[in-house]
Amino acid sequence: MAAWGVLAVLCSTFIWGLMGPIMRQEASYGLTSFDISLVRATGAALLLGLIGYFRGRSLRCPRALMFHRAVNGLFGVVGLYVLSNYALITIPVGLATVLFYTAPLWVVTLAHALGKERLTPLRILAVVIALGGVWWSAGEVHFLGYGLRGPVAMLVAGFSYAVFLLNGRYGPGAEDPFGNYFHTYVAGTGMLWIMACFTPAVERLLALPWEGWALLGYLVLVPTLGAYGLVMWALQHVPSAVVSLLSMTEMLFALFWGWMLLGEAPTTATLGGAACIGTAVLVVTWEGYRAAGKELPARDPQGGIDD
């Protein structure tokens, strides 16, 4: 079963690595990162609601948790989706994915700032290594003329996901994981629809050909729910530390798909940045597993790392 669990995680990262080229195809139809995020979040919220309903789950959000879930929606859906999708559209997809994997470093830094976890020497070293990788990768992208908006957007997306993770880990989300996840999507989707009232997003979506809608359906069903289900199944058969480490293969698959489908041959800086950030995540994972019995989150359907 362990071998099947490993294969399930690799299938998930293979799928997530393909998201960048699909985002580019959607952009070719005139959609923005906001438009794509609006459909992904709405579709995921509706499907999670149906799953919860047929499983007899309560879909009501306790009044005392509404602010907590709203914060989750702001960071875990609005910040994460819009910014990460923007980066995938505007800079090489391999680099964008590499930069997103700074999220675990944001987690340990913010956890220390909040007084929840100790910032050990190894964690400090990991943060320094990761910062070096970011500087190396993003610096060349700026030199090549892409600008810094894309890299900054993905770094902020990683930060947003770190806030979402910590809110779920140390907030009341652990008591009801499904409710926390469902209400996060509902809150984030609501915020996106409010924003959509001030943009031509609906008009652009209504003008989208069926091929574009098919790709949007794929983004909702396969990377968001299908791949997540594979990871959840794998966690029942493989230690979560192993899942966390295997999730980093997404960087390799993103580099591969970007090269094969978009002609974005990985530069030395991107590969060097990936090596630095990957090493930093390995250090944090190993140190946490050895010293505190805690493991970094693995990838989840939102395009990140899951608790």
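What this report covers is the structure whose coordinates are included nearby. Computed from a prediction, not measured in an experiment: that's the story for all the values here.

To continue, consider the packing of helix α4 (residues 66-90) against helix α9 (residues 177-196). Helices that pack against each other are described as a pair by the angle of their axes relative to one another and the distance between those axes. Contact geometry for α4 and α9: axes closest at 7 Å, N-to-C directions at 65 degrees. Remark: the crossing between α4 and α9 carries right-handed chirality. Contacts from H68, R69, A70, N72, G73, L74, V77, V78, Y81 and V82 of α4 reach α9 at G179, N180, H183, T184, Y185, A187, G188, T189, M191, L192 and M195. Taken together, the residues of the contact of α4 with α9 break down into 11 nonpolar, nine polar and one charged.

Let's shift gears to the pattern of salt bridges. Opposite charge on two side chains allows them to pair when their charged atoms are near. For the structure on display, the rule yields two salt bridges. Here E264 and R24 are joined by a salt bridge, their closest N and O atoms 2.9 Å apart. Here E264 is found in the loop between α13 (249-262) and α14 (268-292), whereas its partner R24 is found in helix α2 (residues 19-28), with 240 residues between them in sequence. For R204, the salt bridge identified is with D35, shortest N-O distance 2.6 Å. Taken together, the residues R204 in helix α10 (residues 201-206) and D35 in helix α3 (residues 33-54) connect sequence positions 169 residues apart. In this structure D35 comes out as buried when scored by relative accessible area, which is 0%.

Interaxial distance between helix α1 (residues 2-17) and α2 falls to 5 Å at its minimum, and their mutual angle equals 30 degrees. Judged by the inter-axis angle, α1 sits roughly parallel to α2. In this structure, α1 contributes I15, W16 and G17 to the contact, and α2 contributes M19, G20 and P21. Tallied by class, residues from the contact of α1 with α2 come to four nonpolar, two polar and no charged.

Basis of the calculations
- Residues numbered from 1 in each chain as written.
- Predicted model: local features only at pLDDT ≥ 70, side-chain atom pairs only at ≥ 80, totals over all residues.
- Heavy atoms only, no water.
- Axes fitted to C-alpha atoms, helices over the stretch in contact; angles between N-to-C directions.
- Helix = DSSP H or I, 4+ residues; strand = E, 2+ residues; numbered from the N terminus.
- Left-handed = near helix turned anticlockwise from the far one by under 90°.
- Contact = heavy atoms within 4.5 Å.
- Nonpolar A, V, L, I, M, F, W, Y, C, P; charged D, E, K, R; others polar.
- Salt bridge = Lys/Arg side-chain N within 4 Å of Asp/Glu carboxyl O.
- Buried < 20%, exposed > 50% of the residue type's maximum accessible area, 1.4 Å probe, protein only.
- Parallel < 35°, antiparallel > 145°, perpendicular 65-115°, else oblique.

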